[in-house]
Amino acid sequence: MHFAAAETGDGRDEERETVQRLLEGTLALPGVLERIAAIPVPRREQQRLTVVCAVLTDRLSSVVLRIGHDAVWAGLASQGAESELRLQPVGTAQAPGAFPVSRLGLGRDATVGDLLLVQTNGPDDTPVTPVTPVTPITPVGLD
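Residues numbered from 1 in each chain as written. Predicted model: local features only at pLDDT ≥ 70, side-chain atom pairs only at ≥ 80, totals over all residues. Heavy atoms only, no water.

### As for the overall build of the protein
Each helix and strand in the protein was counted, giving four helices and six strands. Each helix and strand of the protein, placed in order from N terminus to C terminus, yields the pattern β-α-α-β-α-β-β-β-α-β. Considering the protein as a whole, with its 143 residues, one finds that 43% of them fall into the buried category. Contacts in the protein between residues at least 24 apart in sequence constitute 68% of all its contacts with a sequence separation of at least 6. On the protein, roughly 7,700 Å² of surface is accessible, and the fraction owed to carbon and sulfur atoms is 53%. (Helix = DSSP H or I, 4+ residues; strand = E, 2+ residues; numbered from the N terminus. Buried < 20%, exposed > 50% of the residue type's maximum accessible area, 1.4 Å probe, protein only. Contact = heavy atoms within 4.5 Å. Areas by Shrake-Rupley, 256 points an atom, 1.4 Å probe, with all protein chains shown as cover.)

What follows is the structure, given as structure tokens:
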């Protein structure tokens, strides 16, 4: 796994590092890597995954920018409640089967926190499963 910060230099770098440390500790638990590998998103290299560590105020577009130029999928790691780690697939516009966040009612300036809220409450009070692959950017931009 390759870890990347969603954003840097905004005074929240330490919080993103906390997310990374929490993720590293979680990865050490038995069976966790196998569960992550089983998330149904296609990757060119099954053994390689970028995980973007983010805080709630990070923009989803910043997360996508951290996905390697040769990949279309990454993991988004964020901290919900204290010591709660959230990990879900995110993709670029080219990610097959991705679910555009515009379908969740989120716009171009959506943040990681906005995504977590809509996943919890749903765009119409119907929860969205956190393992639903999402892509913050559609080929023609967000609606």
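From this point, the narrative continues.
### Side note on the nonpolar core
Core analysis: the largest hydrophobic core is formed by 17 residues, its most contacted members being Leu 60, Val 63, Leu 76, Val 90, Leu 106, Val 112 and Leu 115. At the level of secondary structure, the elements contributing two or more residues to this core comprise β2 (50-54), α3 (60-65), β3 (73-79) and α4 (112-121). In this view, Val 63 contacts Ala 6, Val 52, Leu 76, Val 90 and Val 112; residues no more than four positions away in its chain are not counted. Within the second largest apolar cluster, nine residues are counted, among which are Val 19, Val 51, Cys 53 and Ala 77. (Core = buried A, V, L, I, M, F, W, Y, C linked by side-chain atoms within 4.5 Å.)

### A few points about the pattern of salt bridges
Per the stated rule, a full pass over the model turns up five salt bridges. Close ionic contact of Asp 109 with Arg 59 constitutes a salt bridge, the shortest N to O distance being 2.6 Å. Highlighted residues: Asp 109 in the loop between β5 (99-100) and α4 and Arg 59 in the loop between β2 and α3, separated in sequence by 50 residues. On the basis of relative accessible area, Arg 59 is assigned to the partly exposed category, the value being 39%. Taken together, the shared-partner salt bridges in this structure form one network comprising Asp 10, Asp 13, Arg 16 and Asp 58. (Salt bridge = Lys/Arg side-chain N within 4 Å of Asp/Glu carboxyl O.)

### Description of the confidence of the model for the protein
Taken residue by residue, the protein gives an average pLDDT of 77. The fraction at 70 or more is 77%. Contacts for the low-pLDDT stretch residues 136-143, under 50 throughout, to residues beyond four places or in other chains number 20 contacts. (pLDDT = per-residue confidence, 0-100.)

### Notes on the pairing of β3
Each regular strand carries side chains that alternate between the two faces of the sheet. A large share of β3 lies buried, amounting to six of its seven residues. Handedness of the β-α-β unit built from β2, α3 and β3 comes out right-handed. Examined bridge by bridge, β3 and strand β4 (residues 85-91) share seven bridges and lie antiparallel to one another. Of the residues in β4, the one forming a bridge with Ser 78 is Arg 86. (Right-handed = clockwise from strand over helix to strand, strands pointing away. Pairing = 2+ DSSP bridges.)

### Comments concerning the environment of Val 101
With respect to the helices and strands, the residue Val 101 is situated in the loop between β5 and α4. Residues Val 101 and Val 118 lie 17 residues apart in sequence; the distance between their C-alpha atoms is 9.6 Å.

### Description of the environment of Gly 68
Among the structural elements, Gly 68 can be located in the loop between α3 and β3. By relative accessible area, Gly 68 is classed as partly exposed at 23%. Between the C-alpha atoms of Gly 68 and Ala 4, which are 64 residues apart in sequence, the distance is 9.9 Å.

### Structural notes on the side chain of Ser 62
Looking at the secondary structure, you find Ser 62 in helix α3. A residue is classified by how much of its surface remains accessible, and Ser 62, at 12% relative accessible area, is buried. In contact with Ser 62, other than residues within four places in its own chain, are Ala 6 and Glu 7.

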